[in-house]
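# A structural walkthrough
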Amino acid sequence: MDQENDSVLRLQGKTLTVGGGGINVKYNDIRPYISNGQITSNESAIVIHSGTYGTGEFTEEGKPINLAFSLSAVIQDHKGHKVGLTIAGKHPTGKRGQERGIVALDGDCSNTYTGDTIVDGAYNVLYLRKESGATAIAGNIYITNRSAVSMFFSNQISDSSKVVLSNRATFMFSTSPGERIERIRELIVEKGVGIFSFGHLEESINDKRTLILDDLNINNGASLRIMRWEEGRDFLLVRKNSKHLADAMKKITIDGWAKNQVYLKDYDKDYWSIEAAPEPATYGALLSGLGLGLAVWRKRQKGRRTNECATK
């Protein structure tokens, strides 16, 4: 898909099956997209070879204008086998922020594919922008090698999913304004430094943002860096019966705070809040055997709108 051959594909309710060659998207001066139907693959994954979207132009505030390849067609499994989604592509190392391979999962209908989502390589970014309570990703997410996944709205990922970070990969709330909440089963830092960012560009912004985890697991030799966190505004919550949390606490840093100032604070009977302040960390209650309770938040019930979404 490139400018010369028209960068827009409207499926008109039909299903596009992508083969082993994947989808190749090149540089373009307008936003390319696939919409109005379903997309799947007869391979194990839909591979998007993401071109470089850096227009070289800037907003009045001096921010670079980047374009995204938008996929609002519903991504689904194929004839009884799981289908995943892989974002890959190499980009020049010019001014950071100008060169990006950006793919956006848009629209107001839930994707139903259950395979892994993989985002790999420097400057590759996956935007999760599903609206109206729709789910962008139902399976597990692997973010590797300085790539990123950014959540623009709440409840983009299934509660049962795990997110795995390795080699300076970033999992974040978008820098655009607005309150957000996301819940996943487990956040894992597999190798090197993993980054989680609450996304706030200015300290004065008070939009509450919350990430809720059943477990936080950081492998030996790995670490988690938390960025753009502010006490009382941002919350990283982990269940009190988390299997790996006590060990993970030794491997967490929060920007602006010393490593030994990261501690656990009671949020409610089921969850700890990971905080940073000049107070001693206390882990004894982590082993107190508190029972499971109801989750703090439940995602909005998402009804299946198969017929409606097939034609959008």
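Up top is the structure.
From a predicted model like this one, the values you see are computed outputs, not experimental measurements.

Conventions we followed
- Residues numbered from 1 in each chain as written.
- Predicted model: local features only at pLDDT ≥ 70, side-chain atom pairs only at ≥ 80, totals over all residues.
- Heavy atoms only, no water.
- Helix = DSSP H or I, 4+ residues; strand = E, 2+ residues; numbered from the N terminus.
- Buried < 20%, exposed > 50% of the residue type's maximum accessible area, 1.4 Å probe, protein only.
- Contact = heavy atoms within 4.5 Å.
- Areas by Shrake-Rupley, 256 points an atom, 1.4 Å probe, with all protein chains shown as cover.
- Phe/Tyr/Trp six-rings, centres within 6.5 Å; stacked < 30°, edge-to-face > 60°.
- Lys NZ or Arg CZ within 6 Å of the ring centre and 35° of its normal.
- Polar contact = N/O pair within 3.5 Å; in protein donor to acceptor, adjacent residues only side chain to side chain.
- Pairing = 2+ DSSP bridges.
- Axes fitted to C-alpha atoms, helices over the stretch in contact; angles between N-to-C directions.
- Core = buried A, V, L, I, M, F, W, Y, C linked by side-chain atoms within 4.5 Å.

## As for the overall build of the protein chain
Helix and strand counts for the protein chain come out as two helices and 24 strands. Taking all 312 residues of the protein chain together, the buried fraction comes to 50%. Long-range contacts, defined as pairs at least 24 residues apart, comprise 70% of the intrachain contacts of the protein chain with a sequence gap of at least 6. Counting every atom, the protein chain has about 14400 Å² of accessible surface; 48% of that belongs to carbon and sulfur.

## Here we look at the packing of aromatic side chains
Scanning the model with the defined rule gives seven aromatic pairs in all. Between the aromatic rings of Tyr127 and Phe152, the centroid separation amounts to 4.7 Å while the plane-to-plane angle is 55°, which identifies the pairing as tilted. Of this pair, Tyr127 sits in strand S12 (residues 124-128) while Phe152 sits in the loop between strand S14 (148-151) and strand S15 (162-166), placing them 25 residues apart in sequence. Put simply, the rings of Phe171, Phe173, Phe196 and Phe198 pair up and form one aromatic cluster. Taking NZ or CZ as reference, Arg129 lies 5.6 Å from the ring centre of Phe152, over its face. Looking at Lys240, its charged tip hangs above the ring of Trp272, at a distance of 4.8 Å from the centre.

## So, the environment of Thr40
Within the fold, Thr40 resides in strand S5 (residues 38-41). For the pair Thr40 and Val83, spaced 43 residues apart in sequence, the C-alpha to C-alpha distance is 7.0 Å. Here the side chain of Thr40 touches Asp77 through a polar contact of 3.3 Å, landing on its backbone oxygen.

## Side note on the sheet that holds S15
The strand order S3-S6-S9-S11-S13-S15-S17-S19-S21-S24-S23 describes an open sheet built from eleven strands, whose pairing is mixed. Here the strands that pair on one side only, and so sit at the sheet edges, are strand S3 (23-25) and strand S23 (262-266). Across the sheet, the axes of successive neighbouring strands diverge by a mean angle of 25°, strand direction being ignored.

## Comments concerning the environment of Ser242
Structurally, the position occupied by Ser242 is in the loop between strand S21 (234-239) and helix H1 (245-248). Its relative accessible area of 8% is what places Ser242 among the buried residues. Here the alpha-carbon distance between Ser242 and Leu213, two residues 29 residues apart in the chain, equals 8.7 Å. With residues near it in sequence (within four places) discarded, Ser242 still touches Asp214, Asp215 and Leu216.

## Digging into the sheet that holds strand S7 (residues 69-71)
If you trace the ten strands from one edge of the open sheet to the other, you get S1-S4-S7-S10-S12-S14-S16-S18-S20-S22, paired in parallel fashion. Whereas interior strands pair on both sides, the edge strands pair on one side only; in this sheet they are strand S1 (8-10) and strand S22 (252-254). When strand polarity is set aside, the average angle formed by the axes of neighbouring strands in this sheet is 15°. With five bridges joining them, strand S10 (residues 101-105) and S12 adopt parallel strand pairing. Note on S12: the bridge partner recorded for Gly101 is Asn124.

## Structural notes on the nonpolar core
Of all hydrophobic cores here, the largest spans 58 residues; its most connected members are Ile48, Leu105, Phe171, Leu216 and Ile274. If you tally residues by element for this core, the top one is strand S19 (residues 209-218), at four residues. If we ignore the near neighbours within four places in the chain, the residues touching Leu105 are Leu71, Ile75, Leu85, Asn111, Tyr113, Leu126, Tyr127, Leu128, Arg129, Lys130, Ala136 and Ile137. Ranked by size, the runner-up nonpolar core spans seven residues in total, among them Ile102, Ala104, Tyr127 and Phe152.

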